[in-house]
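# Architecture and fold: a report
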Amino acid sequence: MELTRLIVKGGVISPGELREVVHMAMDQGLESISFGSRQDIIFPKGIQPLEKEKTGKHHFVFPDQKSGNNIVSSYVSTDIFRNTSWLTGNRYLYILEQFKEQPKLKVNITDPKQQLVPLFTGHLNFIASEHEDYWYLYIRLPKWERMEVYPVLIYSWDIARFYYEIERITAEESIGIDLIFSLVSEALDTNNRTIDQPLNVPFYPFPYYEGMNRMGIDQYWLGLYWRNNLYDLDFLKQMCDLCFDCKIGKICITPWKSFIVKGIPKDRKLEWEKFLGKKGINVRHSLLELNWHLPVAMEWALNLKTFLVRTLDQFDISTYGLTFGLSEYNREGHYFTSIVVEKNELPKDLASIKIRDTYNILFAKNFDPNTREYIVHSQDIDKLELPTILIELSRKYFEELGTSVTETTENPQKKEQPQPDVYQCQECLTLYKSEFGEESQGIPKGVLFSDLPETYCCSLCEAPKSNFRILEIVRN
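## Here we look at the sheet that holds strand β2 (residues 12-13)
Hydrogen bonds between backbone atoms are what pair the strands of a sheet, whose relative direction is either parallel or antiparallel. Across the sheet, which stays open at both edges, the 5 strands sit in the order β2-β16-β17-β14-β13 with antiparallel pairing between neighbours. The sheet terminates laterally at β2 and β13 (211-215), the two strands that pair on one side only. In terms of strand pairing, strand β14 (residues 219-225) meets strand β17 (residues 258-265) through 7 bridges, oriented antiparallel. Opposite G223, over in β17, you have I260 as the bridge partner. Against the sheet, helix α6 (residues 233-245) touches β14, β16 (251-253) and β17, its axis set at about 30 degrees to β17.

Printed below as a string of structure tokens:
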């Protein structure tokens, strides 16, 4: 299904820009908008083409157009989830600002230490290294069968120049990584750096990204998720007004059909909570609800997710750290979830006969989508059999948790296994021991304290995570 899209560069939009978009949608009789997996805005019921003077700098892509791919970035994770120390929000914004023309290829600009935004779903994937202002580049052009690593690290302020030169030289014909490197090196005078160690992508559990959460000493961030991915325009308009009043400059879209507002002042927190309450906005869904990636405006996917979530919830199954995706078989694109349920296409000669849908189940190697390697677990499965298989895979994940190493290059270096740690609550002296986890909160054995979600609180006195202090590292 082709839908009208609005490109939101890097998933970052100002409240003023979002309010303009809301008014455009309202003028055409729409009641809601949706968000896409590439951090763009989608109009689920379509929108009529607008005159240039009315769209301003907004870049719309209509169903009959093929131009325009959004740039995905992990700016949304900055300051609220773990991140590479030198990679600040301002750096993302400066880099994004260098992209003056709309890219024809998919670009990802991401931090490998966060888990909210996928690293490898673009044609060009810039991934931050440990060296300040230098990035790995992983390339997989549309006709390539596998991903290739660019031979050098790219300087932050050269990223856009690199992209446009690669777009130019690959526009007419398909060429390999060696020729791309040669032609780009000849065309551009850049500040590259030698790759001295392979990219290391640590495996972290999927973060909890919803609700009101502390951000630093005197601010909060708010994550909002709606099950049907239909965000009410009147609500968004009033929310943008509240952002203006609180001097909040950015709203961030996630690839999970949700958005995050960062920088809510501490003294305005209650006002925001009252606003959400008056609007009847539900927050604090279970992680089992939040860790699903669905195609936009496909009723079968939403119905199937609802069935699976309710069934797994009845069995009280923990999915901490796992992510699930629903997709149509042979749908173009790359998965970025731990487990994928593919819906099979019915044979054309049987289209007139009512036949039950069947599904294939795949899971990522080590249940880590960053491996980019998927294993087929089951094929041609009936809907009613899916919960049993997902429970089986969930148990397999917890059995293998902490025993695997993520490989991201041709010559991976073996990572040391993390040592168990012990943290203590400063309020009631309760201990958190990673080697035992915490069953009461659905946290399995082996999860380090640093990997717990920011919403974690003491199981006894409910003190926040920030109240815990490390006692020791347990040596094996």
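Back to the text.
## A look at helix α3 (residues 89-97)
What α3 keeps buried is the set G89, R91, Y92, I95 and L96. Relative to the axis of α3, the buried residues are bounded by an arc of 160 degrees and lie together on one face. Those residues of α3 that are buried lie in contact with β2, β6 (71-73), β7 (107-110), β9 (134-139) and α4 (159-169).

## Overview of the pattern of salt bridges
If you walk through the whole model with that rule in mind, you get 19 salt bridges. One salt bridge connects D133 with R91, and the closest N-O pair in it is separated by 2.9 Å. Highlighted residues: D133 in the loop between β8 (124-128) and β9 and R91 in helix α3, separated in sequence by 42 residues. On the basis of relative accessibility, which here comes to 16%, the residue R91 falls in the buried class. Across the pair R356 and D382 runs a salt bridge, and its minimum N-O distance is 2.8 Å.

## As for the packing of aromatic side chains
Under the defined criterion, the tally for this structure stands at 34 aromatic pairs. Between Y423 and F449 the ring centres are 4.0 Å apart and the planes differ by 15 degrees, which places this aromatic pair in the stacked class. With Y423 in strand β23 (residues 421-425) and F449 in the loop between β24 (431-433) and β25 (468-473), this residue pair connects regions lying 26 residues apart in the sequence. Residue F449 is classed as buried on the basis of its relative accessible area, which comes to 5%. Here a set of aromatic residues connected by ring pairs shows up, and it is made of F35, W226, Y231, F235, F259, W272 and F275. Sitting over the ring of F120, R372 keeps its end group 4.3 Å from the ring centre.

## A few points about empty space enclosed by the protein
Tallied over the entire structure, the rule returns 1 cavity of 30 Å³ or more. Empty space within the largest cavity amounts to approximately 40 Å³. Looking at the largest cavity, the residues that line it are S74, S77, T78, R82, N83, L87, Y92, D111 and Q114. Along the lines of polarity and charge, the residues of the lining of the largest cavity split into 2 nonpolar, 5 polar and 2 charged.

Calculation criteria
- Residues numbered from 1 in each chain as written.
- Predicted model: local features only at pLDDT ≥ 70, side-chain atom pairs only at ≥ 80, totals over all residues.
- Heavy atoms only, no water.
- Pairing = 2+ DSSP bridges.
- Helix = DSSP H or I, 4+ residues; strand = E, 2+ residues; numbered from the N terminus.
- Contact = heavy atoms within 4.5 Å.
- Axes fitted to C-alpha atoms, helices over the stretch in contact; angles between N-to-C directions.
- Buried < 20%, exposed > 50% of the residue type's maximum accessible area, 1.4 Å probe, protein only.
- Arc of directions from axis to C-beta.
- Salt bridge = Lys/Arg side-chain N within 4 Å of Asp/Glu carboxyl O.
- Phe/Tyr/Trp six-rings, centres within 6.5 Å; stacked < 30°, edge-to-face > 60°.
- Lys NZ or Arg CZ within 6 Å of the ring centre and 35° of its normal.
- 1 Å grid on protein atoms, 1.4 Å probe; cavity = no way out; pocket = protein on both sides within 12 Å on 5 of 7 lines; lining within 4 Å.
- Points joined across faces, edges and corners; volume = space filled by probe spheres on them.
- Nonpolar A, V, L, I, M, F, W, Y, C, P; charged D, E, K, R; others polar.

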